Amino acid sequence: MAKPDVFDFFDAESLLTDDQKAIRDTVRAWVSERFMPIIADHFEAHTFPMEIVSEMAEMGLLGPTLPEKYGCAGVDNISYGLIMQELERGDSGLRSFASVQGALVMHPIFTWGSDDQKDYWLPRLAKAEAVGCFGLTEPDYGSDPGGMITRAYPADDGGYVLNGAKMWITNGTIADVAVVWAKTPDGFGGFLVEKGMPGFTAPETFKKLSLRASVTSELIFDNVKIPSKNRLPDAHGLKCPLKCLTQARYGIAWGAIGAAIDCFACAIEYQKSRRQFDKPLAGFQIQQAKFADMLTEITAARMLCMRLGKLKDEGKMHHAQVSLAKRNNVMMALRIAREARQMLGASGITLEYPVMRHMANLESVLTYEGTHDIHTLVLGEAVTGISAFR
Amino acid sequence: MKIAVLVKEVPNTESRPRIEGGRVSRDGIDYVVNPYDEYAVEEAITKAEALSGETFFVTVGGVSEKKVLLNVLAMGIDRAIVVNRTDMEGSNPRGAAKIIAKVLESEKPDLILAGKQGVDYDYGQTPLLVAEYLGLPHVSMAIKIDIEDGKAICERNTDDGVEVVEVSLPAVITADKGLNLPRYPKLKGIMGAKKKPWETKELSDLGLDESLANPAESQVEYVEFSTPPARQAGRIIDGEPADKVKELVRALSEDSKVF
Ligand SMILES: Cc1cc2nc3c(=O)[nH]c(=O)nc-3n(C[C@H](O)[C@H](O)[C@H](O)COP(=O)(O)OP(=O)(O)OC[C@H]3O[C@@H](n4cnc5c(N)ncnc54)[C@H](O)[C@@H]3O)c2cc1C
């Protein structure tokens, strides 16, 4: 019996098709060759590497599950997951860019948009000729988006007037189109707010210690006139943005594996070569116990995602299953990143190594797309039938 | 415009070759497309896009089954011609060139592109021999290729600067690093690669004699393979700083003869 590969201990590889493997390997090579060399500097400078976005688009990594008709690749959900895994092996900021563009902007336009909206925006977003963002969270309403203050009032000309503010919005400042969720007289609606519309501004949020290589912004709407053609015609109710989040969370559950693997690989390499007390650090029992935990957690997280992807491809995925995977995998990645940071000693605190960068990033990933606690409540409700949200 | 690209599978640079029975063993070796061939592939695709041409690749080998070569189709080459001879890897540029020349004789491409050398045995002979057997002009190690009125104007790096050469087409041109930046396959390309035409040929299909695959054909005899000696452990010089410096200078000049 061949010795199992520590990076794929339960041979998930043999569950993949040739196309899935080739897609993963291609994205992996691209991340290693084109992204890894520049990420530390961007993280330090608090900038997103816009220069590589067109390459991502060229390869088809934006909205990859959507149909070819819109210039997308139409890949299955396991392939999509593997793409997210490889992007986040690079940096959570890179994966966030792709998640937002694909799952939170292209997905709602594709699902609830008019034909005109789809024909206009989807090919542009796929080619990265346009960048999108998703505005749900507000300064006073985070975990409880139903309380949102942003309002779209019907105007005399059949359009709407939008007022309010969104906060912590990924890609906000660089977005050409914002999918904004607002209260309407008939409940909740989704609106395509375009860059340059009078009264719309999107200042960037600085001084972040996490996701530094990702743009985070406020969106401010001061009597912004929105033509009726910019409302998503089929998006009614809060369930729509929540469905978008389910899409994005699915990708995050995979992405977290990538960040965890990068930390795991870094810790192994470091501890095998670094010697203290006359032997490699990797030879001490305390360190080996950490490796054993990392190996177990990564293996379990991967198997979870493989199964979740299958369910999604079969159209049988429940949002509570996504909550379980997002909650488990992000926490596992964060634990591994923290542990790996320790295992590199002082070296672990620098940008020479990826571990503290991943660790800092994962704090955001733990919070966004439903905090760890909120997913705990989702699962608690699934078990007990009793909602503990309020 | 019909463009042929010559492609070879080579061990990736992380593979650690072992010697078995006086030969380099293929066990545990991961193959990739020869990196120099990727420049040729990229050039073929961009030229075909610009001149609405068609492209195909030819390889003698098929060691890695389809996995590696499918990548070439995923990048954008239209079809594959694989001459199935896994026993010729690396060892026989002359035989390979005769086989490729035979394939190209019937395909009649306007332009034949290849990497300047395979990074396995580094002979750098095959494409030039192909040119020779087909009676075509060749330019080696191009860093720029412009196609104009049935001619190729190429730039190549020399020790004294850049040389500009013009050849009439059809011609064989080999690619050097710097010619372009090879693209990554698109997801759509990866998924479409398997649907592209894939021709597998045996020597007999080409009307060629089995003896071409014979090592004797290469006119090279392998006397011995050996792995580089393991690196020696470093030496730590003990003592007072002044003595250490003296000993270091002595060791560098007398033992290792660095000075
Ligand atoms: C870098 C970054 C990027 C982001 N990008 C986007 C984006 O693109 N679009 C977007 O709309 N939003 C985005 N967000 C916002 C994110 O979704 C919210 O931060 C998240 O939903 C939590 O909201 P909050 O920060 O207001 O925290 P709060 O809701 O105020 O929660 C604070 C704490 O209280 C806990 N808590 C809250 N409610 C309960 C409860 N009922 N029971 C127990 N504990 C509870 C939470 O778990 C958390 O620990 C982003 C956030 C970050 C950090």
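Here the structure is a predicted model, which means the values were calculated and not measured.

**Some words on the packing of aromatic side chains**
Here the structure, examined in full by the defined rule, presents 17 aromatic pairs over all chains. Note on A:Tyr80 and A:Tyr250: the rings are 6.3 Å apart at their centroids and 15° apart in plane angle, and the pair reads as stacked. Pair noted here: A:Tyr80 is in helix α3 (residues 77-90) and A:Tyr250 is in helix α6 (residues 239-273), with a separation of 170 residues, a long-range link. The same class applies to A:Tyr80 as to A:Tyr250, namely buried. Both rings, one in B:Tyr222 and one in B:Phe225, keep their centres 5.3 Å apart while their planes meet at 25°; by these two values the pair is stacked. Looking at B:Tyr222, the relative accessible area reads 26%, which means it is partly exposed. Over the aromatic face of A:Phe110 sits the side chain of A:Lys118, whose NZ or CZ is 5.6 Å from the ring centroid.

**Overview of the packing of helix α3 (residues 93-107) of chain B against helix α4 (residues 126-134) of chain B**
Residues and elements named next belong to chain B. One way to put it is that α3 packs onto α4 with a least axis distance of 8 Å and a crossing angle of 50°. Here α4 runs oblique to α3, going by the angle between their axes. At the point where α3 passes α4, the crossing takes the right-handed sense. Between α3 and α4, the contacting residues are Pro 93, Arg 94, Ala 96, Ala 97, Lys 98, Ile 100, Ala 101, Leu 104 and Glu 105 on the first element and Thr 126, Leu 129, Val 130, Tyr 133 and Leu 134 on the second.

**Observations concerning the side chain of B:Arg85**
Residues and elements named next belong to chain B. When you line up the elements, Arg 85 lands in the loop between β7 (79-84) and α3. At 2.8 Å, the side chain of Arg 85 and the side chain of Glu 210 are in polar contact. Ignoring any residue separated from it by four or fewer positions in sequence, one finds Arg 85 in contact with Val 60, Gly 61, Leu 203, Glu 210 and Ala 213.

**Let's talk about the domain arrangement of chain A**
Residue and element names in this part refer to chain A. Splitting chain A by domain gives domain 1 (12-126), domain 2 (132-230) and domain 3 (239-384). If you average the C-alpha positions of domain 2 and of domain 3, the two centres end up 30 Å apart. The interface is formed by 8 residues belonging to domain 2 together with 11 residues belonging to domain 3. Taking both sides of the interface into account, the surface hidden between domain 2 and domain 3 amounts to around 760 Å²; carbon and sulfur atoms contribute 74%. Between domain 2 and domain 3 we count 0 salt bridges in total. Summed over the shared surface of domain 2 and domain 3, the result is 4 residue pairs in polar contact (both at pLDDT 80 or more).

**What to know about unusual backbone geometry**
In the segment running from B:Leu169 into B:Pro170, the intervening peptide bond is cis, with an omega of -5°. For B:Pro170, the location among the structural elements is in the loop between β11 (161-168) and β12 (171-175). We note that A:Leu211 has phi near 45°; this positive angle belongs to a residue other than glycine. You can see A:Leu211 is positioned in the loop between β6 (200-201) and β7 (216-226). A positive phi angle is found at A:Asp278, which is not glycine, with a value near 70°.

**Comments concerning the pairing of strand β10 (residues 151-158) of chain B**
Residues and elements named next belong to chain B. As paired strands, strand β9 (residues 138-148) and β10 are joined by 6 bridges and run antiparallel to one another. Counterpart to Glu 148 in the pairing with β10 is Lys 151. Remark: 2 residues form the turn of the hairpin made by β9 and β10, two consecutive strands paired antiparallel; Asp 149 in that turn has positive phi of roughly 35°. Direction of pairing for β10 relative to β11: antiparallel, over a ladder of 8 bridges. In the sheet register, Arg 156 faces β11, and the bridge partner there is Glu 163. Here β10 hands over to β11 after 2 residues, the two strands then running antiparallel side by side.

**Brief notes about the site of the ligand**
Residues and elements named next belong to chain A. Surrounding the ligand, one finds 18 residues, the nearest of these being Thr 137, Ser 143, Trp 168, Thr 371 and Asp 373. Between the ligand and Phe 134 there is a distance of 2.9 Å, counted from a nitrogen atom to a backbone nitrogen or oxygen. Residue Thr 170 places a side-chain N or O atom 2.8 Å away from a nitrogen atom belonging to the ligand. Contact with the protein chains removes 67% of the 970 Å² of surface that the ligand exposes when unbound. Elements that contribute at least two residues to the shell around the ligand include exactly β3 (160-170), α9 (355-367) and α10 (372-384). Tallied by class, residues from the shell around the ligand come to 9 nonpolar, 7 polar and 2 charged. Built from parts of two domains, the shell around the ligand gets at least three residues from each of domain 2 (132-230) and domain 3 (239-384).

**Some details on the nonpolar core**
In this structure, A:Met56, A:Leu87, A:Trp181 and B:Phe57 are the most contacted members of the largest nonpolar core, which totals 148 residues. Top contributing element to this core by residue count: α6(A), with 19 residues. In this structure A:Met56 touches A:Trp30, A:Leu61, A:Leu62, A:Leu87, A:Leu94, A:Phe97 and A:Ala98, once residues within four positions along its chain are discounted.

**Digging into helix α8 (residues 319-343) of chain A**
For α8(A), built from 25 residues, the straight-helix expectation of 36 Å at 1.5 Å per residue is met to within 8% by its first-to-last C-alpha distance of 36 Å. Looking one or two residues past α8(A), A:Gly345 carries a phi angle of roughly 55°, positive in sign.

**Re the interface of chain A and chain B**
Residue-level contacts link 21 residues of chain A with 9 residues of chain B. Across the chain A/chain B interface, buried area totals approximately 1300 Å², and carbon plus sulfur atoms make up 63% of it. It is A:Asp19, A:Thr26 and A:Met59 that lose the most area in chain A upon contact with chain B, and together they represent 34% of the buried surface on that side. Counting across the chain A and chain B interface gives 2 salt bridges. Residue B:Lys186 is joined to A:Glu58 by a salt bridge in which the shortest nitrogen-to-oxygen separation is 2.6 Å. The interface formed by chain A and chain B contains 4 residue pairs in polar contact (both at pLDDT 80 or more). Broken down by secondary-structure element, the contributors of at least two residues to the side of chain A that touches chain B are α1 (18-45) and α2 (53-59) of chain A. Top contributing element to the side of chain A that touches chain B by residue count: α1(A), with 9 residues. Here the side of chain A that touches chain B is built from residues that sort into 11 nonpolar, 4 polar and 6 charged.

So, how was this worked out
- Residues numbered from 1 in each chain as written.
- Chains lettered and ligands numbered in written order.
- Predicted model: local features only at pLDDT ≥ 70, side-chain atom pairs only at ≥ 80, totals over all residues.
- Heavy atoms only, no water.
- Phe/Tyr/Trp six-rings, centres within 6.5 Å; stacked < 30°, edge-to-face > 60°.
- Helix = DSSP H or I, 4+ residues; strand = E, 2+ residues; numbered from the N terminus.
- Buried < 20%, exposed > 50% of the residue type's maximum accessible area, 1.4 Å probe, protein only.
- Lys NZ or Arg CZ within 6 Å of the ring centre and 35° of its normal.
- Axes fitted to C-alpha atoms, helices over the stretch in contact; angles between N-to-C directions.
- Parallel < 35°, antiparallel > 145°, perpendicular 65-115°, else oblique.
- Left-handed = near helix turned anticlockwise from the far one by under 90°.
- Contact = heavy atoms within 4.5 Å.
- Polar contact = N/O pair within 3.5 Å; in protein donor to acceptor, adjacent residues only side chain to side chain.
- Domains from an automatic or database assignment.
- Buried area = accessible area lost by both parts, 1.4 Å probe.
- Salt bridge = Lys/Arg side-chain N within 4 Å of Asp/Glu carboxyl O.
- Pairing = 2+ DSSP bridges.
- Near = heavy atom within 4 Å.
- Areas by Shrake-Rupley, 256 points an atom, 1.4 Å probe, with all protein chains shown as cover.
- Nonpolar A, V, L, I, M, F, W, Y, C, P; charged D, E, K, R; others polar.
- Core = buried A, V, L, I, M, F, W, Y, C linked by side-chain atoms within 4.5 Å.
- Expected span 1.5 Å × (residues − 1).

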